[in-house]
Amino acid sequence: MLPHLDRKLWRDLSRLKGQALAVALVMACGLAMLIMARSLIHSLESTSSEYYRAHRFAEVFVTLKRAPLSLVGRVREIPGVAVAQPGLSAQVTLDIPGLEEPASGNVRSLPDFGEPELNRLFLRRGQWFRPGAKREVLVSEAFAEANKLEPGDSIAMLLNGRRQNFRIAGIVLSPEFIFESRPGAALPDNRTYGIFWLPNEELAYAFDLNGAFNSLALTLEPGASERGIIATLDKLLEPYGGRGAYGRADHPSHIRVTDEIAVLRTLSVAFPIVFLSVAAFMVNAVLSRLLNLQREQIAILKAFGFANRVIVGHYLKFALVMVVAGTALGGLGGSLLGRQLVVMYRLWFRFPDLSFELDRSAFAIALGVSAFAAVAGVFSAVRRAAQLPPAEAMRPEPPAHYQPALLERTGIAHLLSHSFRIAMRNIERRPMQAFFTVAGLALATGIMIVPNCFRDSVTEVLGFQWDVAQRQDITVGLIEPQDRRARDAFAHLPGVRAVEPFRNAAARIRFGHRTRLIGLQGLAADGGHTRIIGTGPRQLAPPAHGVILSAKLAEVLDARVGDVLRIEVLEGRRMTADVPLVGLAEDLAGLNAYMSLTALNRLVGEGDLVTGASFAVDATERGAFLRALKTVPSVGWVAIKESLRRNFEETTAASINLIQTIYLVFATVVAFGVVYNNARISLAERSRELATLRVIGFSQSEVGAVLVTELVLLALCAVPCGLLLGTGFASAIVTQVNTETVRLPLVFTSRNYAFAVLVVTVASTLSGLLVLRRLNRLNLVGALRAPE
């Protein structure tokens, strides 16, 4: 018996191929996002895990001022420590041929013989240090590519005030710098900041650190308490200027990888839920109305002995065919899109080999989720139809309860056309059908809001971060804190219109049981370069008493304005103070804490010192200013606002915009699919009624006006609901993808809403034209013939 039902299934699918394809495409859009996101998660997790294992990425890290190598033995005696590797690290400036501005970087030591136990490098090109060779350097791949450097090229470094030329021996990668950015910076600038490696002997000689170390990396024994070891390590290293140990989970590069994975997890759930909700509505609409049209066929099947479960299975197969088609299309689309995103990830996540690895379990999840959505959408309707007694099912569906419609009762019906009155009566007499149609159209409208909200949020970040919050042109950091005379020296550089000193200090901030290692920023009280922007938005002055935190940092600490925070300064006299939280900054990158420069210097206890300055520079003398900076030996790093903006556009913004474009295309497909599906179903179930109107004398335009008017009225109800729904969708998704490193504000523009309305309007218009075309070809005799 089953082959006969299967032939009927394929005939039904052939007749409803337009609606079935629309449902399959909507499913495919959601499942493509699910498969793409889960496969990217699998790719990043498996690649990073293998890289960390093969190159022995450390588990605990700490930097300090200076400690004797003999202290490493005491570190290794801490219970739970497996390996302790000391090293040297220093900030340097560089003169790169062809680069106008001075570059800066972090130079790190490698053992003079053999390879390190931890954080082993991967040689991409070139060679390792030659035995006995001097003045050779290894360069990070991101910096080398940004500046077109190759093995054999020469670069000039300013090491502790002495300019030295080095030959590039090799281009390397490190598990410590998968994401490479200046310390404390949320965004990379690979043209002007890089990581370099020198033999330990050369670096120690240059910075007078023979027999000493200023950085330490550890791995732990299985089951060891990371928190306990960090506490012991901090106590041991405190006399030596320890800046606070932290685990791998708080390592800046690792955070960026895990943040991206967290964003993908959100996208792998949020977007498919929206799309599959739409698909469930569509499947319900298609099959519910198909069942109504096939009541007599169901009765005949039951009369011939087909069991209820067989009939239920037959109609569920109809839904499952669309599920299988949607899963296949979604798998293909997700694989193609995932490969495109991996190409982008390679630009800013530096792995030896990052390739797209299809998560095969995602197919099973996609198939299961879409099947659940489809079955949930139609099961009750299918079971209800199968349970009808054959005699009752053979009778036509009882007519609706007819009574004067609302228009007639209000007395204005005579002012309206026949087509309009018929459309209104049909909506009023089939309220549940109208409700589901409005719900589908509202979802189609709502999903259009989300992708453009992402686009507008990225635009807001670009404008806020570099036009509102940061008003300077260039920021310069010093190798060591200096007194205010450094400000006067900077003010005499060519082209300087304004200079504002600042100080950054490493600190641990506590509230209750929550802690964070941060860079505490001291800003000039009357400054205007780095602006603290609160809600409103309004500018907040750096407090002389108290601290202002990023709203995100306050959220992490679970602190509110008025709470008292404990701040432990990890440099200078290492003072601890209880400081009130006096305000929240609505900044969009990193976790920041602000106070006035005077207050920070008082807290550090080293006198009136600065660690850098920000500059407003005359554009006509910018080149002279940058060339002059290259000759200042105390400069440790340089950040140029336009370079940071460009890098944000090329990395974070580009990633978000690519996902936004993908989602926008999918959302447009869904909008057209929903509108077309509803219009086709409306024509299919009302063909007999519309043919009757033609026979009794209505013109083609008048009959078409009934369908079009109904579609327009339902769309007018659906669009405002969809805009509200889309606002909720966007608010939930954007909030979930925000991380500690980069946060997107919620931005809703009139252009966004107008675009959503335009897409639904165009989809409705095109769908209406297609349906009118089919209506004009309607076989009146066939439509009026009573079903056998």
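Cut-offs applied
Residues numbered from 1 in each chain as written. Predicted model: local features only at pLDDT ≥ 70, side-chain atom pairs only at ≥ 80, totals over all residues. Heavy atoms only, no water. Helix = DSSP H or I, 4+ residues; strand = E, 2+ residues; numbered from the N terminus. Buried < 20%, exposed > 50% of the residue type's maximum accessible area, 1.4 Å probe, protein only. Contact = heavy atoms within 4.5 Å. Areas by Shrake-Rupley, 256 points an atom, 1.4 Å probe, with all protein chains shown as cover. Lys, Arg positive; Asp, Glu negative; His and termini not counted. Charge placed at Lys NZ, Arg CZ, Asp CG, Glu CD. Core = buried A, V, L, I, M, F, W, Y, C linked by side-chain atoms within 4.5 Å. Axes fitted to C-alpha atoms, helices over the stretch in contact; angles between N-to-C directions. Parallel < 35°, antiparallel > 145°, perpendicular 65-115°, else oblique. Left-handed = near helix turned anticlockwise from the far one by under 90°. Nonpolar A, V, L, I, M, F, W, Y, C, P; charged D, E, K, R; others polar. Patch = residues over 30% accessible without salt bridge, like charges linked within 9 Å, V, L, I, M, F, W, Y side chains within 5 Å. Salt bridge = Lys/Arg side-chain N within 4 Å of Asp/Glu carboxyl O. Pairing = 2+ DSSP bridges. Phe/Tyr/Trp six-rings, centres within 6.5 Å; stacked < 30°, edge-to-face > 60°. Lys NZ or Arg CZ within 6 Å of the ring centre and 35° of its normal. 1 Å grid on protein atoms, 1.4 Å probe; cavity = no way out; pocket = protein on both sides within 12 Å on 5 of 7 lines; lining within 4 Å. Points joined across faces, edges and corners; volume = space filled by probe spheres on them.

Caption draft 1: Here's a closer look at the overall build of the chain. The secondary structure content of the chain amounts to 24 helices and 22 strands. Viewed in the frame of its principal axes, the chain has a C-alpha envelope of about 100 × 55 × 50 Å. Burial statistics for the chain: of 788 residues in total, 56% are counted as buried. Put simply, of all contacts in the chain between residues at least 6 apart along the chain, 82% involve residues at least 24 apart. As presented, the chain carries roughly 34,000 Å² of accessible surface, and 58% of it is formed by carbon and sulfur atoms. Treating the 83 positive side-chain charges of the chain as one cloud and the 68 negative ones as another, the clouds have centres 8 Å apart.

Caption draft 2: Main features of the nonpolar core. Core analysis: the biggest nonpolar cluster contains 136 residues, and Phe 271, Phe 275, Phe 318, Phe 349 and Tyr 663 have the highest contact counts within it. Dropping the residues within four chain positions of it, Phe 349 is found in contact with Leu 44, Ile 178, Phe 179, Arg 256, Val 257 and Glu 260. Within the second largest apolar cluster, 27 residues are counted, among which are Ala 90, Ile 96, Ile 168 and Ala 212.

Caption draft 3: The packing of helix 14 (residues 431-446) against helix 22 (residues 700-737), seen in detail. Close contact between helix 14 and helix 22 brings their axes to 7 Å; oriented N to C, the two are set at 45°. Between helix 14 and helix 22, the interaxial angle falls into the category oblique. Relative to helix 22, the crossing made by helix 14 is right-handed. Residues Ala 434, Thr 437, Val 438, Leu 441, Ala 442, Leu 443, Thr 445 and Gly 446 of helix 14 touch helix 22, and the partners they reach there are Leu 714, Ala 715, Cys 717, Ala 718, Val 719, Cys 721, Gly 722, Leu 723, Leu 725, Gly 726 and Phe 729. When its residues are assigned to classes, the contact of helix 14 with helix 22 shows 14 nonpolar, 5 polar and no charged.

Caption draft 4: Seen up close, a nonpolar patch on the surface. A cluster of nonpolar side chains, namely Leu 21, Leu 25, Leu 329, Val 665 and Val 669, defines an oily patch on the protein surface of about 380 Å² accessible area. Elements that contribute at least two residues to the nonpolar patch include exactly helix 2 (17-54) and helix 21 (652-695). With respect to the helices, strands and loops of the structure, Val 669 is situated in helix 21. Note on Val 669: relative accessible area 31%, which makes it partly exposed.

Caption draft 5: Here's a closer look at a positive patch on the surface. Positive charge collects at one region of the surface, where Lys 17, Arg 773, Arg 774 and Arg 777 lie side by side. Its relative accessible area of 57% is what places Lys 17 among the exposed residues.

Caption draft 6: Representation of the sheet that holds strand 2 (residues 81-87) within the structure. Strand order across the open sheet formed by 4 strands is 2-10-1-11, with antiparallel pairing between neighbours. The open sheet is flanked by strand 2 and strand 11 (246-247), the only strands paired with a single partner. With 6 bridges joining them, strand 2 and strand 10 (residues 212-220) adopt antiparallel strand pairing. Bridging across to strand 10, Ala 84 finds its partner in Leu 218.

Caption draft 7: Fine view of the packing of helix 22 against helix 23 (residues 750-776). The interhelical angle for the contact between helix 22 and helix 23, taken along N-to-C directions, is 155°, at an axis separation of 10 Å. By the angle between their axes, helix 22 is roughly antiparallel relative to helix 23. Relative to helix 23, helix 22 is oriented so that their crossing is right-handed. For the pair helix 22 and helix 23, contact is made by Gln 700, Val 703, Gly 704, Leu 707, Val 708, Leu 711, Val 719, Leu 723 and Thr 727 and by Tyr 753, Ala 756, Val 757, Val 760, Ser 764, Val 771, Leu 772, Leu 775 and Asn 776, respectively. Of the residues that constitute the contact of helix 22 with helix 23, the class distribution is 13 nonpolar, 5 polar and no charged.

Caption draft 8: Main features of the packing of aromatic side chains. By the definition in use, this model includes 14 aromatic pairs. With a centroid separation of 4.5 Å and an interplanar angle of 40°, the aromatic rings of Tyr 52 and Phe 57 are classed as tilted. Ring pairs connect the aromatic residues Tyr 52, Phe 57, Phe 61 and Tyr 246, which therefore count as one cluster. The ring of Trp 637 carries Arg 182 above its face, with NZ or CZ at 3.8 Å from the centroid. In this arrangement the basic side chain of Arg 256 is found over the ring face of Phe 179, its NZ or CZ atom lying 4.2 Å from the centre.

Caption draft 9: Geometry of the pairing of strand 9 (residues 193-199). Most of strand 9 sits inside the fold, with 7 of its 7 residues counted as buried. Neither face of strand 9 is left uncovered, since the one carrying Tyr 193, Ile 195, Trp 197 and Pro 199 and the one carrying Gly 194, Phe 196 and Leu 198 both have all their residues buried. Pairing analysis gives 7 bridges linking strand 4 (residues 103-110) to strand 9, with the strands arranged parallel. In the sheet register, Gly 105 faces strand 9, and the bridge partner there is Gly 194. Bridge analysis of strand 6 (residues 136-140) against strand 9 gives 2 bridges, and the strand direction is antiparallel. Bridge pairing in strand 9 links Leu 138 to Trp 197.

Caption draft 10: Looking closely at empty space enclosed by the protein. Inspection of the entire model under this criterion finds 7 cavities of 30 Å³ or more. In this structure, the second largest cavity occupies an estimated 200 Å³ of space. Lining of the second largest cavity is provided by 18 residues; of these, Asn 678, Ser 682, Leu 707, Glu 710 and Leu 711 occupy positions nearest its centre. Counting only elements with at least two residues in the lining of the second largest cavity, the list comes to helix 13 (418-429), helix 14, helix 21, helix 22 and helix 23. If you tally residues by element for the lining of the second largest cavity, the top one is helix 22, at 5 residues. Taken together, the residues that form the lining of the second largest cavity break down as 8 nonpolar, 7 polar and 3 charged.

Caption draft 11: Geometry of the pattern of salt bridges. Going through the model one piece at a time under the given rule, you end up with 25 salt bridges. A salt bridge links Arg 130 to Glu 136; its shortest N-O distance comes to 2.6 Å. Overall, the relative accessible area of 42% leaves Arg 130 in the partly exposed class. A residue is classified by how much of its surface remains accessible, and Glu 136, at 2% relative accessible area, is buried. Here Glu 571 and Arg 503 are joined by a salt bridge, their closest N and O atoms 3.7 Å apart. Remark: Arg 503 occurs in strand 13 (residues 496-511) and Glu 571 occurs in the loop between strand 18 (564-569) and strand 19 (576-585); sequence separation between them is 68 residues. Relative accessible area serves as the criterion here: at 11%, Glu 571 is assigned to the buried category. When its relative accessible area of 0% is taken as the criterion, Arg 503 is described as buried.

Caption draft 12: Summary view of the pairing of strand 19. Examined bridge by bridge, strand 17 (residues 547-550) and strand 19 share 4 bridges and lie parallel to one another. Counted as the bridge partner of Leu 549 is Leu 584 from strand 19. Alignment of strand 18 against strand 19, held across 5 bridges, turns out to be antiparallel. Following the sheet pairing, Ile 567 is matched in strand 19 by Ala 577. Counted between consecutive antiparallel strands, the loop separating strand 18 from strand 19 contains 6 residues, among which Gly 572 sits at a positive phi close to 65°.

Caption draft 13: Here's a closer look at the environment of Val 342. Structurally, Val 342 is set in helix 9 (residues 308-348). Along the sequence, Val 342 and Leu 40 sit 302 residues apart, while their C-alpha atoms lie 7.6 Å from each other. Those residues in contact with Val 342 that sit more than four places away from it in its chain are Leu 40, Leu 354, Ser 355 and Phe 356.

Keep in mind that these numbers describe shape and distance, not what the molecule does.
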